[in-house]
Amino acid sequence: MSNILLGVSGSIAAYRACDVARELMRAGHTVRVVMTPAATRLISPDTFAALTGNPVVVDVFDEPEPGQIAHIRLAQDSDLLLIAPATAHTLARLALGLADDMLTTIALATRAPILIAPAMNPAMWTHPATQAHVQTLQARGVEFIDPTYGVMACGDEGWGKIADTPVIVQAVQQRLQRAQALKGVRVLITAGPTHEPIDPVRFVGNRSSGKMGYAVAEAALAHGAEVTLISGPTALTPPAGAKVVRVQTAQQMFDAVQEAFDECDVFIATAAVADYRPERALPSKRKRDAQRWTLRMVANPDILGTVALRKGSRIVVGFAAETDKALQHAQEKLQRKNLDLIAVNDVLEPGSGFEVDTNRLTLIYADGRIEPLPLMRKRACAEKLIEAVRMIVIQRWGKL
Ligand code: CTP
């Protein structure tokens, strides 16, 4: 069973954390509690200490075990950090990465999955500032147990009541299971565009933002995989916990993949690799001295197609961004590149393709199975893709 760190912040719903702690212990977990100073005004730390049988920490300088630095120990020894209830103020501090009390300090120091059950007045929950913080945290892989609709302690009615205890407990159980789903599996991912230099100031590129690949990396991490992300130039922040190799050109991406491929179990090629590069990158900036300028392009290596030839028992997954006959072209690519799975999308379809946050993928398996997915956020698409990979992992190597 797991070590769960329960963070309690200063909402009137703090008393509900007692039930949550008790139910998690009933499910066999060890529960330790960290409270914000505001929460201690609503419920006593002694209540949680008595319930859980473990000392409760509040102040960053609380050191219940001599010789141990409490915030680092708790951060490293916990399998999951559940913050229930989370106030608007706590969400803001987490989103900003502040470490001004024990709870936020641990949240920064831990690499364990974080689940948050917010509780606050509906006007505060729906405020754009709070929602922006939620999005920031979600982008970092933090997951939310959404508040429910109801009448608040203050009498206001709306969305903001902490989720019911069984819902919170079930979310914790599912998150813990998911965190083990690809434990020990090494996943190599390419993401983003490549930039092929023309001269020191110009390049040939494409419209890939890297969002899909970064979302796949986040989803793989959330399933407990060891992730190496080989990224072309993007404006995105890589997910915490991934080993990141940054490249500019297709050749550099090829070299980085060749080097990392032997050490991976699963390779997922989401990058929009430039198929061609200028034959010669000019050493200095080309001047405007003629009416015409013809660039000679030469082919780049097919990264996915090359490494898939020596894939052995590895699982190799490709993407296909198509503009016509999407399924037919993707099926051909699956066979030509010796893939186990290909995710295809029609980039001309609204909401599906480059730069946007959503995608509509169809998964095509090597055995011919076709699984169309609805239009979803890229993070949700990534989750489905990683679940599909997990099924192939189980089929190939048995239960993890
Ligand atoms: N890919 C790659 N190296 C390349 C080109 C593509 O690794 N030089 C990978 C992509 O990351 C993707 C898959 O191959 O997973 C399909 O990419 P796509 O550009 O659709 O395929 P191509 O083989 O380039 O075919 P075409 O452009 O003719 O459709």
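Residues numbered from 1 in each chain as written. Predicted model: local features only at pLDDT ≥ 70, side-chain atom pairs only at ≥ 80, totals over all residues. Heavy atoms only, no water.

Q: I tried to follow the sheet that holds strand 2 (residues 30-35) on my own but got confused; where do I start?
A: Backbone hydrogen bonds hold the strands of a sheet together, and the pairing may be parallel or antiparallel. Strand order in this open sheet of 5 strands is 2-1-3-4-5, and the pairing throughout is parallel. The outermost strands of the open sheet, each flanked by one partner alone, are strand 2 and strand 5 (143-144). Sheet topology note: the strand 1 (residues 3-8)/strand 3 (residues 80-86) ladder contains 4 bridges and is parallel. Of the residues in strand 3, the one forming a bridge with Leu6 is Leu82. (Pairing = 2+ DSSP bridges. Helix = DSSP H or I, 4+ residues; strand = E, 2+ residues; numbered from the N terminus.)

Q: What is the right way to read the domain arrangement of the protein from this model?
A: One frequent convention defines the size of an interface as the accessible area lost when the parts assemble. Each assigned domain of the protein is listed here: domain 1 (3-179) and domain 2 (186-397). Between the C-alpha centres of domain 1 and domain 2 the distance comes to 36 Å. Each side of the interface is counted separately: domain 1 has 6 residues, and domain 2 has 6 residues. Here domain 1 and domain 2 share an interface that buries about 520 Å² over both sides, 38% of which is from carbon and sulfur atoms. (Domains from an automatic or database assignment. Contact = heavy atoms within 4.5 Å. Buried area = accessible area lost by both parts, 1.4 Å probe.)

Q: Sorry if this is basic, but what is going on with the packing of helix 3 (residues 70-77) against helix 5 (residues 102-109) here?
A: Helix-helix packing: each pair is described by the crossing angle between the helix axes and the interaxial distance. Look at helix 3 against helix 5: their axes get within 9 Å of each other, and the N-to-C directions meet at 50°. Considered as vectors, helix 3 and helix 5 are oriented oblique to each other. Handedness of the crossing formed by helix 3 with helix 5: right-handed. In this structure, helix 3 contributes Ala70, His71, Ile72, Leu74 and Ala75 to the contact, and helix 5 contributes Met102, Thr105, Ile106 and Ala109. Its residues assigned to classes, the contact of helix 3 with helix 5 shows 7 nonpolar, 2 polar and no charged. (Axes fitted to C-alpha atoms, helices over the stretch in contact; angles between N-to-C directions. Parallel < 35°, antiparallel > 145°, perpendicular 65-115°, else oblique. Left-handed = near helix turned anticlockwise from the far one by under 90°. Nonpolar A, V, L, I, M, F, W, Y, C, P; charged D, E, K, R; others polar.)

Q: Looking at this model, I keep getting lost on the site of the ligand. Mind explaining?
A: Contacts to the ligand come from 14 residues, most closely from Ala269, Ala271, Phe319, Lys333 and Lys337. Asp275 is positioned such that a nitrogen or oxygen atom in its side chain is 3.0 Å from an oxygen atom of the ligand. A distance of 2.8 Å is found between an oxygen atom of the ligand and a backbone nitrogen or oxygen belonging to Phe319. Within the complex, 78% of the 570 Å² of free accessible area of the ligand lies under protein. Comparing atom positions with the cavity grids shows the ligand to sit within the second largest pocket. If you tally residues by element for the shell around the ligand, the top one is strand 16 (residues 315-322), at 3 residues. (Near = heavy atom within 4 Å. Polar contact = N/O pair within 3.5 Å; in protein donor to acceptor, adjacent residues only side chain to side chain. Areas by Shrake-Rupley, 256 points an atom, 1.4 Å probe, with all protein chains shown as cover. 1 Å grid on protein atoms, 1.4 Å probe; cavity = no way out; pocket = protein on both sides within 12 Å on 5 of 7 lines; lining within 4 Å. Sits in = over half its atoms within 2 Å of the grid points.)

Q: Please clarify how the environment of Asp199 should be interpreted in this entry.
A: Its location among the elements puts Asp199 in strand 9 (residues 196-199). For Asp199, a relative accessible area of 3% gives the class buried. The spatial distance from the C-alpha of Asp199 to the C-alpha of Thr148 is 56 Å, given a sequence separation of 51 residues. The contact partners of Asp199, leaving out residues within four places of it in the chain, are Leu282, Ser284, Lys285 and Arg286. A polar side-chain atom of Asp199 sits 2.9 Å from the main-chain amide nitrogen of Val201. Only 3.0 Å separates the side chain of Asp199 from the backbone nitrogen of Arg286, close enough to count as a polar contact. (Buried < 20%, exposed > 50% of the residue type's maximum accessible area, 1.4 Å probe, protein only.)

Q: Sorry, what's going on with the nonpolar core here?
A: Membership of the largest hydrophobic core comes to 36 residues, with the highest contact counts inside it found for Ile268, Leu341 and Leu385. For this core, the secondary-structure elements that each account for two or more residues are strand 8 (186-191), helix 9 (211-222), strand 11 (226-231), strand 13 (266-269), strand 16, strand 17 (341-346), strand 19 (362-365) and helix 13 (378-397). Of all hydrophobic cores here, the second largest spans 32 residues; its members include Cys18, Ile43, Ala119 and Ile162. (Core = buried A, V, L, I, M, F, W, Y, C linked by side-chain atoms within 4.5 Å.)

Q: Help me out: how do you make sense of helix 9 in this one?
A: Residues three or four positions apart in an α-helix share a direction because the helix packs 3.6 residues into each turn. With 12 residues, helix 9 extends 16 Å from end C-alpha to end C-alpha; this agrees with the ideal 16 Å at 1.5 Å per step. With 10 of its 12 residues buried, helix 9 lies for the most part within the structure. Inspection of helix 9 places Met212, Gly213, Tyr214, Ala215, Val216, Ala217, Glu218, Ala219, Ala220 and Ala222 among the buried residues, and these make up the whole buried set. Where helix 9 ends, the next residue or the one after it, Gly224, has phi of about 90°, a positive value. (Expected span 1.5 Å × (residues − 1).)

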